[in-house]
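Spelled out, the chains give:
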Amino acid sequence: MALTKAQEAVAQRDAERIRREKQLEAVLADYYQAQGEVERIHTSADVAAAPFEARIGEAVRSLDRLGETRAGIAGLTGLSLPRVRDYLADVASNAARVEGSVDTGAR
């Protein structure tokens, strides 16, 4: 009789643990499915936004070439100053890459 009660208690505990594990599994499956969708949507949005990001960057660089200060560009566009710097740094880093790859013929 004692052994039967002990087995029933252990079986009950095991059933509760299995039920909890199934709940965890369901929640995690939902989480990972949602995470995958978010990543897919972000990737798709980044691709769709790329031409517009390029236009924004070109506009910022044009304002810079027209003599606007970085703070002035930020004020005119509503971009943060760090973002303005990023757009201007992109052109500087691209120029450095191009200059480094130009064959000057000197060897």
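Here, the structure is the one placed above.
Keep in mind the model is a prediction, meaning the values are calculated, not measured.

### Overview of the overall build of the protein chain
For the protein chain, the count of helices and strands is three helices and zero strands. Relative to its 107 residues, the protein chain shows a buried fraction of 7%. Of the roughly 8700 Å² of accessible surface on the protein chain, 59% is carried by carbon and sulfur atoms.

### Details of the pattern of salt bridges
Close approach of charged atoms lets side chains of opposite charge pair. The final tally for this structure, using the stated rule, is five salt bridges. Salt-bridge contacts for Arg-13 lead to Asp-14; the nearest nitrogen and oxygen are separated by 4.0 Å. Judged by its relative accessible area of 27%, Asp-14 is partly exposed. A salt bridge links Arg-40 to Glu-37; the nearest nitrogen and oxygen atoms lie 2.9 Å apart. Of the two residues, Arg-40 and Glu-37 are both situated in helix H1 (residues 2-65); the distance of three residues between them amounts to about one turn of the helix.

### Details of H1
With 64 residues, H1 should cover 94 Å at 1.5 Å per step; its first-to-last C-alpha distance of 89 Å lies within 8% of that length. The sharpest bend along H1 comes to roughly 45 degrees, located at Ala-50, with the proline Pro-51 sitting one to four residues further on. Listing the buried residues of H1 in full gives Gly-57, Val-60 and Arg-61. Positive phi shows up at Gly-67, right after H1, with a value of about 95 degrees.

About the criteria used
- Here the residue numbers are simple positions, counted from 1 along each chain's written sequence.
- Owing to the predicted nature of the model, reporting of local features is limited to residues with pLDDT of at least 70; listing and counting of side-chain atom pairs is limited to 80 or more, with chain, interface and lining totals taken over all residues.
- Hydrogens and water are ignored here; the side-chain numbers use all heavy atoms of the structure.
- In DSSP terms, a helix is any run of H or I states spanning at least four residues, a strand is any run of E spanning at least two, and both are numbered starting from the N terminus.
- Working definition: with a 1.4 Å probe on protein chains only, accessible area under 20% of the residue-type maximum means buried, over 50% means exposed, and in between means partly exposed.
- Every accessible area reported is derived by Shrake-Rupley at a probe size of 1.4 Å, with residue values counting cover from the shown protein chains alone.
- Salt-bridge detection follows one rule: a side-chain nitrogen of Lys or Arg within 4 Å of a carboxyl oxygen of Asp or Glu.
- Take the number of residues in a helix, subtract one, and multiply by 1.5 Å to get its expected span.
- In this scheme, the bend at a residue equals the angle between the axes fitted to the seven residues that finish there and the seven that begin there.

Geometric descriptors of this kind do not, in isolation, establish any biological role.
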